[in-house]
Amino acid sequence: MIALLGLVLSAGFGQDRLPPVPPDLPSWIRAKGMDELYYKSAPYNWSINRIPKFARDMYATGVGHSMAYEALASGREAELETTTFERINRILKNPPRLPVDEMALSPTFVRKYGYLEKVFDWAHTLHFQTIDVLAYPGWSDSRKEQELEELWSFYQSEPYALTGLPMNMEYLDSFPYSKGFRQKYPKVNGLFWGYHWLQTVNYDMLYRVPTADQAAQYEVIGERYREVELYDETRDFMPMTAELSPRFAKRFPQLANAFDNLHMLHDNVNDILSQPGLTDLQREQQIQIAIYRVLDSTHRGESEDTLRPNSLHDHRHPPSMPGMGMMVGSDEDEMYMSGMGWMNMSECGHCSVPMPEEEPWGATVTADGWTMSVRCLMCARDMASETPGRAIIRAATEDPKKLLILVSDEEGNWKPNLPNVVFLEKFGEHPDCSGWSRAFTNDSALKQYLVANPEYAGMPGLNLSAWSKLNQGKPDTYRRIDRPNPYKRGGNK
Amino acid sequence: MKAIVALGILGMASLALAQSDHNNLDKERPLTFEDAYSIAYRSYELQTGLSAFAFLNRRPQYGLRTEIQYGFAKNRDLSIGWDPVYDSGSARLRGNNLELSYFEGLSREIGNAPAIGYRVEMEAPTTGSARNADVRARLILSKQARTYDKFHLNLGVAATGKVAFGAILGYSLPLGYPNHFDTTFLAELGIEQSRMDSWQNSWAGIGIRRQIDVTTVLDYSLRMRFGSAVSESRNSLTFTVGLSKSF
């Protein structure tokens, strides 16, 4: 009866292309209980507070979400870009010291869409507990990785869990109401995408990084978040986890996909709530359908091999990146990244040579709001030097347990986490760069490497100062992918 | 008295080791009313509070209430509580009863309908000085008032040989929004039927719940009893300070 009424009303709305309510909508969506869930009990809980500025910025994202939803649910969308934006912005500039109960801040929204809040709340718990595991100083990296697998199982045990399968983002953003919010409310949409930038960029900041070296990176990331990302109205699409934390997304694709599916659900909900002309019933139905699309239960039994392109059950991913669904215009490993243009995720972002399959895994560079994977230290340094502003390099050393973290200031002066770090750089052919451009935790480790690799015998170790003065320029192997922006008129889409 | 203060300090210190939420209102923390929501599924919450009861015509009493709750299922919790009282006039510690309690949240607020929950409590005597065993039930309705504030109506019935009824109107208002998110103001007006069938027990109270870290809430309140079936309890004041910690 409700479905029939919805059909009649949608015809009145004039958008008979609105998706119909699926017959197998989970029964919990209509359950009346609050169903509040406690997080997994563990010693690492609230380790996020070890990085106080990060914790406070993360807590403020909850306030931002809630205040915008409360304005939308209570018919105050006209003030979204003015009063509500200013109110949220004040909180973002003075973030709370403790986590905030989002439901208390958005009572009207919760009275209308309490089932949606259950999905959001449970996924946000996963966000926070993942961070807590990675920021916890009491466990080894391998124990943390084991716990993240267990945390994923714990998350999936509830019916509100989102799927960890990659979803086709072009499909999920293709409904009659899609893209409306970002066009009509660019400032608040910028805030949402800013929060989601922070919620995805942080995982490579933490993953396999010694806890003592995590906070220093947030000086760069937090500054970028607060000064640029929150107010960026030019981004073409929401930030993707694999785009900003590629190393984490490759190792934990199910988590990366769940976070992207959550963020796409936020975009869908924003579009539905801000779509003029929808009745209350239509809004409710479309939100339920949007939830249904990304629930784990909807895709149970499916796998990445489920090949139904551009559909609800399209779980393809770029071959080199299991932690990301297909994007607008994506072709195999090529995707369009806001701020960077077209990139091939299987290749070094600087020299376009395929990324190594074995150790050392290479490095990542975070600068100017993006994070790129590169093959070697030389590519990392030279790519960072091409970019104005501060940068972070995370690189493999000879010891898999010791990651080199370099954080630069505005002038490009690097500060290392390893005081005795020494570099090898003997410029040669790029396909071999992971052999001749490397970092070592100390001089003795470099000497052992030179003994084991006589082709580099006699090469001097470079200290940080000498190494950072080098610049080999743009590699001749670099291949620019010359395709138009698919999100702009005249692009692929 | 020293013993009960020492017990209180010990209780609060142990709490510091173990997510209470200042928005989630629990009975006696620090006022009598509660909201229509259970604690979170899978969570434990340890609550303790020291109360000082001041009377017009007798020496004060001191109470230490301790309760542990467990969210054993979605929207349901079980709790066990104990609130011994020390009477400084007679220098005697009264054990009072052990309270066993079951709470179920039936519905959250949906549309204009209030959230609904209920609680059933049983008391088991612990010592010869304990009160008679009680069975009590409470129906709880919570409803958004304007934006962030809420009303909470608690309707109770107690059976101790005889049936007695009571009602509490509670009010909660988060303070500091939209700039601060850690404090809730509470107020209540209560009336209950005494065993003599007259509406003699009535009180009013105000209180604060303040989040002091991610899992800990500090609360304090002042309650004034206007009428009481027990003449010496009339016009008495109760000051309570407590702590809740979830784990």
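S.K.: Sorry if this is basic, but what is going on with the overall build of chain B here?
M.R.: For chain B, the count of helices and strands is one helix and 14 strands. When the 247 residues of chain B are sorted by exposure, 40% land in the buried category.

S.K.: I tried to follow the interface of chain B and chain A on my own but got confused; where do I start?
M.R.: Interfaces are often described in size by the accessible area the parts lose on coming together. Chain B puts 27 residues into the contact, and the matching count from chain A is 21 residues. The element contributing the most residues to the side of chain B that touches chain A is strand β6 (residues 97-107) of chain B, with three residues.

S.K.: When you look at the domain arrangement of chain A in this model, what are you seeing that I'm missing?
M.R.: All names here are of chain A. Considered domain by domain, chain A is made up of domain 1 (18-299) and domain 2 (347-469). Each of domain 1 and domain 2 has a C-alpha centre, and these two points are 33 Å apart. Facing 17 residues of domain 1, the contacting portion of domain 2 comprises 12 residues. Here the side of domain 1 that touches domain 2 gets four residues from one element, more than from any other, and that element is helix α10 (residues 214-227). Here the side of domain 1 that touches domain 2 is built from residues that sort into eight nonpolar, two polar and seven charged.

S.K.: Would you explain the nonpolar core in this entry?
M.R.: Looking at soluble globular proteins, one finds that nonpolar side chains tend to be buried together. Residue and element names in this part refer to chain A. Counting 140 residues, the largest nonpolar core has Ile48, Ala363, Val365, Val374, Cys379, Ala380 and Ile393 as its most contacted members. Broken down by element, this core gets its largest block of residues, 14 residues, from helix α5 (residues 107-135). Split by domain, this core shows at least three residues from each of two domains, domain 1 (18-299) and domain 2 (347-469). Those residues in contact with Ala363 that lie beyond four places of it in its chain are Val374, Cys376, Leu377, Ala380, Ile393, Arg394, Ala395 and Ala396.

S.K.: What should I look at first to understand the sheet that holds strand β3 (residues 363-367) of chain A in this one?
M.R.: Through backbone hydrogen bonds, the strands of a sheet pair up, either in parallel or in antiparallel fashion. Residues and elements named next belong to chain A. The strand order across the open sheet formed by five strands is β4-β3-β5-β6-β7, and the pairing between neighbours is antiparallel. Either end of the sheet is taken by a strand with one partner, and the two such strands are β4 (370-374) and β7 (414-416). Recorded for the sheet is a direction-independent mean angle of 20 degrees between the axes of neighbouring strands. In the sheet, strand β6 (residues 404-408) pairs with β7 via three bridges, with the strands oriented antiparallel.

S.K.: It is not clear to me how the environment of His22 of chain B should be interpreted in this structure. Could you clarify?
M.R.: Residue and element names in this part refer to chain B. The residue His22 is located in the loop between α1 (2-15) and β1 (44-54) in this model. On the basis of neighbour count, His22 is assigned to the buried category, with 26 C-beta atoms found within 10 Å. In this structure the C-alpha to C-alpha distance between His22 and Asp213, which are 191 residues apart in sequence, comes to 10 Å. When residues no more than four places from it in sequence are discounted, the contact partners of His22 are Asp182, Thr183, Thr184, Arg209, Arg210, Gln211 and Val217.

S.K.: Explanation requested: helix α15 (residues 377-385) of chain A in the structure shown.
M.R.: At 3.6 residues per turn, the α-helix brings residues three or four places apart onto the same side. Most of α15 of chain A is tucked away, with eight of its nine residues classed as buried. All of the buried residues along α15 of chain A are Leu377, Met378, Cys379, Ala380, Arg381, Asp382, Met383 and Ala384 of chain A.

S.K.: Just to check I follow, could you spell out unusual backbone geometry for this structure?
M.R.: For residues that are not glycine, phi is negative in most cases, and the peptide bond is trans in most cases. All names here are of chain B. Cis geometry is adopted by the peptide bond preceding Pro30, which originates at Arg29 and carries an omega value of 0 degrees. Counting through the fold element by element, Pro30 comes out in the loop between α1 and β1. In this structure, the amide linkage connecting Tyr177 to the following residue, Pro178, adopts the cis form with an omega of 0 degrees. The topology assignment puts Pro178 in the loop between β10 (162-175) and β11 (183-192).

S.K.: Got a minute to help me understand the environment of Pro239 of chain A in this structure?
M.R.: All names here are of chain A. The residue Pro239 is located in the loop between α10 and α11 (241-244) in this model. In the structure, Pro239 is positioned 185 residues away from Phe54 in sequence and 18 Å away in space, judged by C-alpha atoms. Aside from chain neighbours lying at most four places away, what touches Pro239 is Trp193, His196, Trp197, Thr200 and Leu244.

S.K.: I'm lost on the packing of helix α2 (residues 52-73) of chain A against α5 of chain A in this one. Help?
M.R.: The relative placement of two packed helices comes down to the angle between their axes together with the axis-to-axis distance. Residues and elements named next belong to chain A. For the pair α2 and α5, interaxial distance at closest approach is 7 Å and the crossing angle is 70 degrees. Classified by the interaxial angle, the pair formed by α2 and α5 is roughly perpendicular. Side by side, α2 and α5 meet where Tyr69, Glu70 and Ala73 of the first sit next to Thr108, Phe109 and Lys112 of the second. Class assignment for the residues of the contact of α2 with α5 results in three nonpolar, one polar and two charged.

S.K.: Is there a simple way to explain the pairing of β6 of chain A in this structure?
M.R.: In regular strands, side chains alternate between the two faces of the sheet. Residues and elements named next belong to chain A. A large share of β6 lies buried, amounting to five of its five residues. Going residue by residue along β6, you find Leu404, Leu406 and Ser408 tucked away on one face and Ile405 and Val407 tucked away on the opposite face as well. Here four bridges tie strand β5 (residues 391-395) to β6, and the two strands are oriented antiparallel to one another. Bridge assignment links Ile393 to a residue of β6, and that residue is Leu406. The hairpin turn running from β6 into β7, its antiparallel successor, is five residues long, and Gly412 in that turn takes a positive phi close to 85 degrees.

S.K.: Hey, could you run me through the environment of Asp182 of chain B in this one?
M.R.: Counting through the fold element by element, Asp182 of chain B comes out in the loop between β10 and β11. When the C-alpha positions of Asp182 of chain B and Ala91 of chain B are compared, they lie 39 Å apart, and in sequence the two are 91 residues distant. Not counting chain neighbours up to four residues away, the residues in contact with Asp182 of chain B comprise Leu98 of chain A together with His22, Arg210 and Gln211 of chain B.

S.K.: So what exactly am I meant to see when it comes to the pairing of strand β9 (residues 150-160) of chain B here?
M.R.: Residue and element names in this part refer to chain B. Relative to β9, strand β8 (residues 135-144) runs antiparallel, the two being bridged by 10 bridges. Considered in β9, the bridge of Val135 is made with Ala159. Between β8 and β9, which pair antiparallel in sequence order, lie five residues. Across 11 bridges, the pairing between β9 and β10 is antiparallel. Bridging across to β10, Val157 finds its partner in Phe165. Where β9 hands over to β10, the hairpin turn is made up of one residue, of which Gly161 adopts a positive phi near 80 degrees.

S.K.: Could you clarify how one ought to interpret the confidence of the model for chain A in this entry?
M.R.: Caution applies to low-pLDDT parts of the model: their predicted coordinates are not meant to be read in detail. On average, residues of chain A score 93 in pLDDT, and 96% of them are at 70 or above. When the criterion is pLDDT under 50, residues 1-14 of chain A qualifies, and its contacts beyond four places in sequence or with other chains add up to 18 contacts.

Reading guide: rules and limits
- Residues numbered from 1 in each chain as written.
- Chains lettered and ligands numbered in written order.
- Predicted model: local features only at pLDDT ≥ 70, side-chain atom pairs only at ≥ 80, totals over all residues.
- Helix = DSSP H or I, 4+ residues; strand = E, 2+ residues; numbered from the N terminus.
- Buried ≥ 20, exposed ≤ 12 C-beta atoms within 10 Å, placed from the backbone.
- Contact = placed C-beta atoms within 7 Å.
- Domains from an automatic or database assignment.
- Nonpolar A, V, L, I, M, F, W, Y, C, P; charged D, E, K, R; others polar.
- Core = buried A, V, L, I, M, F, W, Y, C linked by C-beta atoms within 7 Å.
- Pairing = 2+ DSSP bridges.
- Axes fitted to C-alpha atoms, helices over the stretch in contact; angles between N-to-C directions.
- Parallel < 35°, antiparallel > 145°, perpendicular 65-115°, else oblique.
- pLDDT = per-residue confidence, 0-100.

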